[in-house]
Structure formats: C-alpha cells, structure tokens
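These are the residues of each chain, in order.
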Amino acid sequence: YNLFPVLQLSFSFQGLFHERMNPSISVVVPNFNGREWLKTAIPSVQAALLQNKVENEIIVSDDGSTDGSAELLKIRFPEVILVKAEKNTGFSGAVNRGAALATKNLLFLLNTDITVEKNYFDAQFRYFLLPDTFGVMGKICDPVSGRVMDSAKYPKWKLSTLSTTLNLKIGDLPPGTNIPTLFLS
C-alpha cells in the first residue's frame, strides 16, 4: 500500500514539540519477517526524507525475524539503525524498542508493507509549526486502484457514546484545511 499526504490532525497538547521551526524526525519501522517489504519501504521513506532535507534517522526494530531481514538491512541499508529482539514480542514491543532509540523531535511509525510518496512529508511538517498539533497522518491507498484503505477517524456522538466514523473523507475542502480527528489510525 502507498501512504499519501493528507492533512488530518488528532487531538493536541499545547507546546508538545519545542523545536517546531527546525523539525527532525525519527522513522521507526517495526518488522517481523518483512524482508521483501523492507526492500521498497526503506527506499521510499529515504527518498521522502531526502526531498525535505530534514535531519533524520531510520530505526528498524526487528521482532525476532527468521527471514534474513536483519542481514538485508546490514548489507543494503547500513545507515539504518537496527535493534533486534531474540523472539517476537508483537507490534507494540517492536514499536516501543524502536521509539526508545529515537533521538529526533518527531516520531513517524512506518509499517514494512507501506511505501510513502516522495512528497509525503511536504504536507505533514507544516502542521507541526502549529502549537496545538499532537499528530498528523496521511491516508493509506491501494497502489493499484487508488482506493482509500485507511485514514483518520472523525468523532461521532450518539447519545452518551463516543464512536468514530469509518475513514474521514475530506471531499471538497480547500487545501490546507485543518480537520481535528479523534485519533491517529
């Protein structure tokens, strides 16, 4: 799947990121037996980061893979920081291990089966200049059909119950419109 930039904001905390004018980003890629996907995911995020000329690091948190993922990274992507677990601890364990090594002021989680468009971060970084931004996300589209697979969710109240919409559709809103959402998906 491809990740495309879309302006969708989650709830916020005032002043969470103090270095808004010069963002830097740690990309954390949780991986379990994703050797083949890493061959496309890593170059796509490298190209997007290069286009934005932002200080960055890519961290792959390998979760006990047995498919040669770690070896591939060492050979094809020696600049990538690799943290390995001896056994599979699940998605949250892999994410937490990678995030613990992050040194930049923004954190981007990228699944191994996702590629980002070269201009992905163009639309994302500017929202971190806003003092009330907690997080931003793009929409995930099928690379063949272009169909939206996932995006931010909009809060929906029914009596006293809070739920979410399916995928938020921004329709004909002007570019640059901020849309508060319930959570990042």
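First, a word on what this report is: a plain description of the structure on this page. As a convention, each chain's residues are numbered from 1 in the sequence order in which they are written. Where totals are concerned, whole chains, interfaces and linings use all residues; where local detail is concerned, this predicted model gives features only for residues with pLDDT of at least 70, and gives and counts side-chain atom pairs only at 80 or more. By convention in this description, side-chain values take in all heavy atoms of the structure and omit both hydrogens and water.

1. Some thoughts on the overall build of the protein chain
Stated formally: Numbering of helices and strands starts at the N terminus; helices are DSSP runs of H or I of at least 4 residues and strands are runs of E of at least 2. Per-residue accessibility, obtained with a 1.4 Å probe over protein chains only, is compared with the maximum for each type, and a residue is labelled buried under 20%, exposed over 50%, and partly exposed between these values. Here, two residues are considered to be in contact whenever any of their heavy atoms come within 4.5 Å of each other.
Assigned secondary structure in the protein chain consists of four helices and ten strands. Along the protein chain, from the amino end to the carboxyl end, the secondary structure elements read β-β-α-β-α-β-α-β-β-α-β-β-β-β. In the protein chain, which comprises 185 residues, the share counted as buried stands at 41%. Of the contacts made within the protein chain by residues no fewer than 6 positions apart, 71% connect residues no fewer than 24 positions apart.

2. Observations regarding helix α1 (residues 35-52)
Inclusion rule: For a helix, the expected span equals 1.5 Å multiplied by the residue count minus one.
Taking 1.5 Å of rise per residue, 18 residues should cover 26 Å, and α1 covers 26 Å from first to last C-alpha, within 8% of that figure. Along α1, the residues classified as buried are Leu 38, Ala 41, Ile 42, Ser 44, Val 45, Ala 48 and Leu 49. Residues of α1 that are buried make contact with β2 (25-31), β3 (56-63), α2 (69-76), β5 (106-109), β6 (115-116) and α4 (120-125). Positive backbone phi, at 50°, marks Lys 53, one or two positions downstream of α1.

3. Looking at the pattern of salt bridges
Rule in force here: Salt bridges are defined as contacts in which a side-chain nitrogen from Lys or Arg sits within 4 Å of a carboxyl oxygen from Asp or Glu.
Across all of its chains, the model carries four salt bridges by this definition. For Arg 35, the salt bridge identified is with Glu 36, shortest N-O distance 3.2 Å. A salt bridge links Lys 104 to Glu 55; the shortest N-O distance between them is 2.7 Å. Of this pair, Lys 104 sits in the loop between α3 (91-101) and β5 while Glu 55 sits in the loop between α1 and β3, and the two are 49 residues apart along the sequence. Salt bridges linked by common partners bring Arg 35, Glu 36 and Lys 39 together as one network.

4. A look at the packing of aromatic side chains
Test applied: Whether two aromatic rings pair depends on their centres lying within 6.5 Å, for rings of Phe, Tyr and Trp, where Trp uses its six-membered ring; planes under 30 degrees apart make the pair stacked, over 60 edge-to-face, and the rest tilted.
Applying the stated criterion to the full structure yields three aromatic pairs. Between Phe 108 and Phe 121 the ring centres are 5.2 Å apart and the planes differ by 75°, which places this aromatic pair in the edge-to-face class. Here Phe 121 lies in helix α4 and Phe 108 lies in strand β5, a separation of 13 residues in the sequence. The two residues Phe 108 and Phe 121 agree in class, both being buried. Taking the centre distance of 5.1 Å and the plane angle of 80° together, the rings of Tyr 120 and Phe 121 count as edge-to-face. Per residue, the accessibility class of Tyr 120 equals that of Phe 121, and both read buried. Three or more aromatic residues link up through ring pairs in this structure, and these residues are Phe 108, Tyr 120 and Phe 121.

5. Overview of the pairing of β3
To keep things clear, this is the line we draw: When the strands point away from the viewer, a crossover counts as right-handed if the path from the first strand over the helix to the second runs clockwise.
Most of β3 sits inside the fold, with seven of its eight residues counted as buried. Read from β2 through α1 to β3, the crossover connection turns out right-handed. With α2 bridging β3 and its parallel neighbour strand β4 (residues 81-85), the resulting β-α-β unit is right-handed.

6. Some words on the nonpolar core
As a rule of thumb, soluble globular proteins bury nonpolar side chains together. Worth spelling out the cut-off: Note on terminology: a nonpolar core comprises buried Ala, Val, Leu, Ile, Met, Phe, Trp, Tyr and Cys residues joined through side-chain atoms within 4.5 Å.
If you look at the biggest cluster of nonpolar residues, it comprises 26 residues, and the most contacted ones within it are Ile 42, Val 45, Phe 108 and Phe 121. For this core, the secondary-structure elements that each account for two or more residues are β2, α1, β3, α2, β5 and α4. Examining the composition of this core, we find that five residues originate from one element, α1, more than from any other. Non-local contacts of Phe 121, meaning those with residues more than four positions away in its chain, are made with Ile 25, Val 45, Ala 48, Leu 49, Asn 52 and Phe 108.

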